[in-house]
Amino acid sequence: MTKFKLINICLLLLVSGSVNAADGRQLIKNAIDHFRGLTSYSEASMTIHRPDWQRSMDMKIWTQGLNKSLVRITAPKKDMGNGSLLIDDDMWSYTPKINKVIKIPSSMSHQSWMGSDFSNNDVARADDLIDNYTHTIVDERHEQGVTVYVIESVPHEDAPVVWGKELITVRDDHVLLEHLFYDQDGLLVKKLVTREIKFIAGRNLATIERMQKVDVEDEWTEFRLQHIEFNADISKNTFTLSNLRNPRF
């Protein structure tokens, strides 16, 4: 094989998204890129379940890369217009009832988002997980024609995170199966589990995911993806405080 042909093969592997099985960081990055794309527009619902009540919200979501996203609630009527905007390390929320945009301080990053089991940080910077942790593949198995990797993510000593470690299970087609969150004592606190996978918008995607605290029974939040468009044409004015307060897109 000539040197030229070898270089071409290496380039093709990189372009196709193939990764070295020993590179846990790249596996996680590919899973995030797979779900978000360069840009994306999606429609979804979120159901918050408690032992004595349950409520659901519909939402629209716009993303651009890893550092920009806008989530806007569209139903029910009492929650319509509530939204969250992320730009780089900054996050804001808007509540129409008080007509006020509030910047979310870092001290509140792990508080509940919209009263759900997801935190503000869960819906914020995806690259925090990539950059603030050391990722090691601790298990590899084959299931139903795909390779499944379990990656242990341990935060750097100076990382601004609360978790002692995280365990991420992802398939070789970049579908996230499970995400476990452990405290500083190594105890499992909460878990995100994929409950449904569908072929949508040209790729396999997790379409139903459930977040649940492990020490509380019958309390969970379920996210259902209903529609998604990758590489969507998104206006540069979408990710602005003005648009968060007065929707134009």
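Position numbers for residues count from 1 along each chain, tracking the sequence in the order it is written. Residues qualify for local features only when their pLDDT is at least 70, as the model is predicted, and side-chain atom pairs are given and counted only at 80 or more; totals for whole chains, interfaces and linings, by contrast, use all residues. In computing side-chain values, all of the structure's heavy atoms are included and hydrogens and water are not.

J.: Would you take a moment to explain the environment of D215 for this structure?
T.: The way it works is that DSSP assigns letters per residue, a run of H or I at least four long becomes a helix, a run of E at least two long becomes a strand, and they are numbered from the N terminus. Here D215 is to be found in the loop between β12 (203–213) and β13 (220–230). Overall, the relative accessible area of 65% leaves D215 in the exposed class. With 26 residues separating them in the primary sequence, D215 and V189 have C-alpha atoms 7.2 Å apart. Residue exposure (1.4 Å probe, protein chains only): buried if accessible area is under 20% of the type maximum, exposed if over 50%, otherwise partly exposed.

J.: Looking at this structure, how should I read the pairing of strand β1 (residues 39–50)?
T.: The side chains of a regular strand alternate between both faces of the sheet. Within β1, 11 of the 12 residues are buried, leaving the element largely enclosed by the surrounding structure. In short, DSSP must find at least two bridges between two strands for them to pair. Where β1 folds back on strand β2 (residues 53–64), the antiparallel hairpin that results is connected by 2 residues. Where β1 lies against β13, 10 bridges are found, and the strand directions are antiparallel. Across the sheet, residue S40 finds its bridge partner in β13, namely F230.

J.: Please explain helix α2 (residues 24–36) as it appears in this structure.
T.: Residues three or four positions apart in an α-helix share a direction because the helix packs 3.6 residues into each turn. Multiplying 1.5 Å by the residue count of a helix minus one yields the expected span of that helix. Its 13 residues give α2 an end-to-end C-alpha distance of 19 Å, which sits within 8% of 18 Å, the value for a rise of 1.5 Å per residue. Buried within α2 are the following residues: G24, L27, I28, N30, A31, I32, H34 and R36. Measuring from the backbone nitrogen of R25 back to the side-chain oxygen at the start of α2 gives 3.4 Å, which picks out D23 as the cap. Downstream of α2 by one or two residues, G37 has phi in the positive range, about 70 degrees. Under this definition, polar contacts are N or O atom pairs within 3.5 Å; protein pairs additionally need one hydrogen-donor-capable and one acceptor-capable atom, and for neighbouring residues in sequence, both atoms have to be side-chain atoms.

J.: Even after reading the chapter, I still don't get the packing of aromatic side chains, so can you show me in this structure?
T.: Two rings from Phe, Tyr or Trp (for Trp, the six-membered ring) form a pair when their centres sit within 6.5 Å of each other. Planes less than 30 degrees apart are called stacked, planes more than 60 degrees apart edge-to-face, and all others tilted. Under the defined criterion, the tally for this structure stands at 2 aromatic pairs. Summarising the aromatic geometry, the rings of Y41 and W62 are spaced 5.5 Å apart at their centres and angled 45 degrees between planes, so their arrangement reads as tilted. Of the two residues, Y41 is situated in strand β1 and W62 in strand β2; the sequence distance between them amounts to 21 residues. Y41 sits in the buried class, given a relative accessible area of 13%. On the accessibility criterion, W62 (8% relative accessible area) is buried. When the centroid spacing of 5.3 Å and the interplanar angle of 50 degrees are considered together, the rings of W163 and F181 count as tilted. With a gap of 18 residues between them, W163 in the loop between β8 (146–155) and β9 (165–171) and F181 in strand β10 (residues 176–182) connect regions that are remote in the sequence. Look at NZ for Lys and CZ for Arg. If either is within 6 Å of the ring centre and within 35 degrees of the ring normal, a charge sits over the ring. Its guanidinium or amino end placed over the ring of Y182, K165 lies 4.9 Å from that ring's centre, counting from NZ or CZ. The ring of W220 has R210 lying over it, and the distance from NZ or CZ to the ring centre is 3.7 Å.

J.: Hey, could you run me through the pattern of salt bridges in this one?
T.: Note that side chains of opposite charge can pair when their charged atoms are close. Just to be clear on terms, a salt bridge is a Lys or Arg side-chain nitrogen sitting within 4 Å of an Asp or Glu carboxyl oxygen. In this structure the tally under the stated criterion is 16 salt bridges. The partner of K29 in a salt bridge is D33, with the nearest N and O atoms 2.8 Å apart. Taken as a pair, K29 and D33 lie in helix α2 at a separation of 4 residues, close to a single helical turn. By relative accessible area, K29 is classed as partly exposed at 27%.

J.: Any chance you could explain the environment of N243 here in plain terms?
T.: Structurally, N243 can be placed in helix α4 (residues 241–245). The buried category is assigned to N243, whose relative accessible area is 0%. A sequence separation of 158 residues divides N243 from L85, and the C-alpha atoms of the two residues are 9.4 Å apart. Within the structure, the side chain of N243 is placed 2.8 Å from the backbone oxygen of T238, a separation counted as a polar contact.

None of the figures reported here should be taken as evidence of function without further support.
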